[in-house]
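Read off the chains here:
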Amino acid sequence: MALSADATTIADLLAALTHPDTNAIRQAEVALKPLLKRPECVPVLVEVIKGRDALNEAVRHVATIVLRKRITGHLKTFDAPTKAALKTELLSILSTESSRPVRNGAVALVASVCKIEAEADSDSTQGGAGWPELFRFVAAAAGDAHPEARELAFLLLGEMTETVAEHLKPQFETLANLFGSALNDADPKVQNAAVKALGLLMSYLADESSDIDIFAPLVPGVLTVAEACRVRHDEEVVSTTLDVLYDLTYSPSQSMGQHMGPIIQFSQLCMSDSNLEMGVRDSAALVVATMAESRPKHLGRDTTLLNGVLETIFNLIESSDGSAAGALFESNPAWKDDFEDQEGYDPDNEGGPTETSMAQGTLDMLACEIPKKYIFEPVVSRCVARLGSANPNQRKAGIACLGVIAEGCAEPLRENLAQIMPHVFLAAGDSDARVRECACFALGQISEHCQPEVLSYSSQILPIVFALLDDTTVAVQATSCYVLEMFCERLEPDGVRPLLDPLVRKLAAMLEATTKRSVQEMAVAAMAATAVAAEEEFAPYVTGVASLMSKLMELKEEKMYSLRGRALECMGHIAIAVGKEHFRPYFTGTMQCACEGLTFDSTDLHEFAFAAFANLAKVMGDEFAPALPELVPHLISVINQDEGRYEPADDEQGGEFNALDDSDDEEEGANLVMHIRTALLESKKGAITAIGEMAAHTGAAFFPYLEETMTALISAADNWHPLIKTECADAMPSLVVSCVAKEHGGEISWEKGDVSGASPLSPPTTAVVNAVLGQLVNLMQDDDKGVVGKACEGIQSVLELCGPHALAVVANSCLENTHLILTKQAPCQQQEDFGEEFGEEDDDHDSFMTSVCDLIGCFGRVMGHHFVQYLPQFLPAICGYAKSSRPPSDRSMAIGCLGELAQELGNGIADHWQNVFYPAAMAGLADSDDSVKRNAAFCIGVCCEGLGEAMTPQYPAILQALSHLFSIDGTQSDTAAACVDNACAAVARMIMTSPSHVPLGQVLPVVLKAMPLKNDMTENETVYNCLLSLLQANNAEIGANKVELTRVFGQASSDDSKVDDDLKQKLKLALQSLI
């Protein structure tokens, strides 16, 4: 049948849209727009779609797209008979159309009409009442004898996902039966269409537990179809299935947890299938990782399933040629230039996932999320087994995986370093360069995440790393520099001293000799960390190192910006190390480089400059003040920038015909979406850090900038990103420091718990304190734990500086928020458990809770006896963390908090001694963990001190419990040494409180043998004052131990002793009376 004149006109214009001629397309669009604005275009376009005899497939397909774009505006103008006729025509097209592209276009068109009708009929209680004929059509097609018809039914359901999910809930059971039949269909096309449609629907409903429960029983069928597709290399269905599974991992439905095993097993197969595209395999790894995140206890308790996942991960790393330490460099542009000639580098996959990165990323997530009691042992046992293999690929995997879990399993790693480090040291000397490289990676990760325990291995680690700096492999050189950077950050001068001179010379020589930028950058970072570790002992090297850095700080080529920034960063760290006097000659040059960096179009250089400003302000103090007028306004402008901007949204379908949709009739800007500039986010963070350090260290000079800085930080504290809020919480207390410097000469005198008199805070200080504490208390209610922890730290620092009057205004809300956090009822602790029914016994330590408990100790220190009334609410919650089922860090934290309260409240804890403090401390003294025992010894000691003679009936039991601590070998670790030190201090407090109740003849020899103190120097005054008082009282038992006492006093008063000078002088005088 010939086309009507109108249909011919529009068909010709649509044909022009299919030709690769931009001018012709633009002219056709201009001509079409006025025609498409008239409702009469609808039947004309339908005529074009049906004109299979007169028109080619491409034109008819374009007609379906154009009509879909315009139908929304026109359909509402049609009367009922016209609508009914249109719907009949559309169903007829679906029934008879043989062209797949045209049919698919018609499917999308029908779905659009269905959505419009369903929304218009949304009040109907009858599902599908908007277009019931369509759903009868779908049902009939699903049962048709022809596979093309059955496929069409599910293509329609897939395209109508939102409509079905929102308006067909009464029909879900019927739909589930349809999908179930289709998953078992004999034709793969029908199965695939059903998987896609069901997947889209389940993804849409993933957050609705009751709805997803209806379709959850179909998951095994979906996996069966997807596995068949994987075997025959049909990646589209596999990829779609993995996307759906990812959405379902976060479903709160417990029924999804029942399918966790098959889901993860299918994902493992995809991860291991080298025939699949790497992006698809990475999607499978993401399913496993997110399942670990959403259901960590389920996965951890399923030993067989977890072991299978771990074997897959280890096998992938073994079989991959990629660098298992490459994660260190992947974000560094120098990696491509320096490593493109290295084994395993794949230029075709630059920036994309590799087998190694996929496996390591998954293992990292497992280690971070699954309870350590389940994940640590099976990973470490596999690492150790492979490290003993003759196959270097297995050794590579073993040592690499040990490094990967260092962050997530830091706590059990710290406890087992004695067993693990020998394996790491052995791998560092391996004959295979890839194993040595991964050993460096593992050493760096352990050095970063296992502080301070790892520092006791400095005499072994530093020589190994020093030797690896000479390795012939570039990757090993670079990673060994990384180890130095991580390890030296918290190392004391005596730890780095033996190798300081050759180390500095070696790093300087590397900088001058190598042309590899990645090695240069890592060497500069290692030099900076070495300086921080050496402190003032680095002073002799400043001139030479500064000369090297000054050359690098002059680099202006864009690809060298990162190296220039690293050199600037190094100078800032050198300033921290050697102090104001030694650094003053280099201050001006370093500042000039930092300020010049702000003029470059590089957010990286801006971040390095902000970090330099922060460090230099910290070191130079008031000498930094002249830079404030120029820098503060710039930093505030950066903080006030909006890191988000609106950009045009992408059209999901038919994007090439956007000029023909309804947007020209709609409000301007309706198709804009927000895009976040993450680089600006990092710059803003750096600017906040810098301005906080300036406020903290330039004293009264910063006071004129307080108001505008406060305004900027208050606004930034409302930012959407936790990174910015955390930095604001860290910086705000510095504004109080500046105000106290101006108004109070840097110090406020206050008494614990005394709020009866006039406030010692001046009006300006009161205003700043109230503003800062108000913001910080609000941030305690944030949904990010890092923000909450930093807010608690900020409140503590303000209260300890300004005293109880500062707390008065926010006391109720601050105490209430703290209690909510302690009892796990705060917003940051209310994430969904995704169907995890297990209790708290599998929970790991939340590091931010340490800040919360420190704040509770601060309440006791500032409020004094006023806090006693709150003990009945706080103590049960604190003790919950001290249970034997909790991890050691929790137990240590809780006992430490009880100790702080006992120290600050004294006799105020009397009512809770027998039922809370005593049993908790005694259990702590019998704990298997040295850190717990250390805090328990402190707690029991201060309890004896604060409660006085009332404690004496328990002295025998307490001394018996403490006696076991003196058998600990203090040379094993810093924590072990601190444990013995605190046992000494506890006994000293007991003696000072009631010497007649301590059997000195038995106790003193044991205590003296353990002295002088080795680690916890804060207890020096306690133990030596006790011994001095006994000596002054001519105690007979002191005389009987004169030889040991002389040894102890002699060592404690020596020049290299860490006892403070005043106490040393007392000990020297006492020593004279003993000799």
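Residues numbered from 1 in each chain as written. Predicted model: local features only at pLDDT ≥ 70, side-chain atom pairs only at ≥ 80, totals over all residues. Heavy atoms only, no water.

J.: So what exactly am I meant to see when it comes to unusual backbone geometry here?
T.: Note on backbone geometry: most residues besides glycine have negative phi, and most peptide bonds are trans. Note the cis peptide between Q451 and P452, where omega equals 0°. Its identity is not glycine, yet H233 carries a phi of approximately 65°, on the positive side. A positive phi angle, near 55°, is found at E535, a position not held by glycine. Within the fold, E535 resides in the loop between α31 (517-534) and α32 (542-552). Residue E535 is classed as partly exposed on the basis of its relative accessible area, which comes to 37%. (Helix = DSSP H or I, 4+ residues; strand = E, 2+ residues; numbered from the N terminus. Buried < 20%, exposed > 50% of the residue type's maximum accessible area, 1.4 Å probe, protein only.)

J.: Which parts of the structure should I look at to understand the pattern of salt bridges?
T.: A side chain of one charge can pair with a side chain of the opposite charge when the charged atoms of the two come close. This structure, assessed with the given rule, holds 50 salt bridges. A salt bridge links R505 to D501; its shortest N-O distance comes to 2.9 Å. With R505 and D501 both in helix α30 (residues 500-513), this residue pair falls four residues apart, about one helical turn. Given the relative accessible area of 30%, D501 is considered partly exposed. In this structure, the salt-bridge partner of R861 is E904, at a minimum N-O distance of 3.6 Å. (Salt bridge = Lys/Arg side-chain N within 4 Å of Asp/Glu carboxyl O.)

J.: Teacher, can you tell me more about the packing of aromatic side chains here?
T.: Two descriptors summarise a pair of aromatic rings, namely the distance from one centre to the other and the angle between the planes of the rings. Scanning the model with the defined rule gives 15 aromatic pairs in all. Ring centres 6.4 Å apart and planes at 55° place the aromatic pair F425 and Y457 in the tilted group. Residue F425 is located in helix α25 (residues 417-428), and its partner Y457 is located in the loop between α26 (433-449) and α27 (458-468); the two are separated by 32 residues in the primary sequence. Residue class for F425 comes out buried when judged on its relative accessible area of 15%. Ring geometry for W913 versus Y918: centroids 5.1 Å apart, planes at 50°, classification tilted. Using a relative accessible area of 16% as the deciding quantity, one classes Y918 as buried. Ring pairs connect the aromatic residues F154, F172, F179 and F215, which therefore count as one cluster. (Phe/Tyr/Trp six-rings, centres within 6.5 Å; stacked < 30°, edge-to-face > 60°.)

J.: I tried to follow a negative patch on the surface on my own but got confused; where do I start?
T.: A cluster of acidic side chains, namely E119, E166, D207 and E208, defines a negative patch on the protein surface. If you trace the backbone, E119 turns up in helix α6 (residues 100-120). Residue E119 is classed as partly exposed on the basis of its relative accessible area of 45%. (Patch = residues over 30% accessible without salt bridge, like charges linked within 9 Å, V, L, I, M, F, W, Y side chains within 5 Å. Areas by Shrake-Rupley, 256 points an atom, 1.4 Å probe, with all protein chains shown as cover. Lys, Arg positive; Asp, Glu negative; His and termini not counted. Charge placed at Lys NZ, Arg CZ, Asp CG, Glu CD.)

J.: What should I look at first to understand the environment of R861 in this one?
T.: Structurally, R861 can be placed in helix α43 (residues 848-863). Under the relative-accessibility criterion, R861 is labelled partly exposed at 22%. When residues no more than four places from it in sequence are discounted, the contact partners of R861 are W750, K752, Q796, E800, D854, E900 and E904. (Contact = heavy atoms within 4.5 Å.)

J.: Which parts of the structure should I look at to understand the environment of K83?
T.: Here K83 is to be found in helix α5 (residues 80-96). Note: C-alpha distance between K83 and E117 (34 residues apart in sequence) is 9.8 Å. K83 has contacts with L75, F78 and E117, leaving out every residue within four places of it along the chain. Within the structure, K83 has its side chain in polar contact with the side chain of E117 (distance 3.5 Å). (Polar contact = N/O pair within 3.5 Å; in protein donor to acceptor, adjacent residues only side chain to side chain.)

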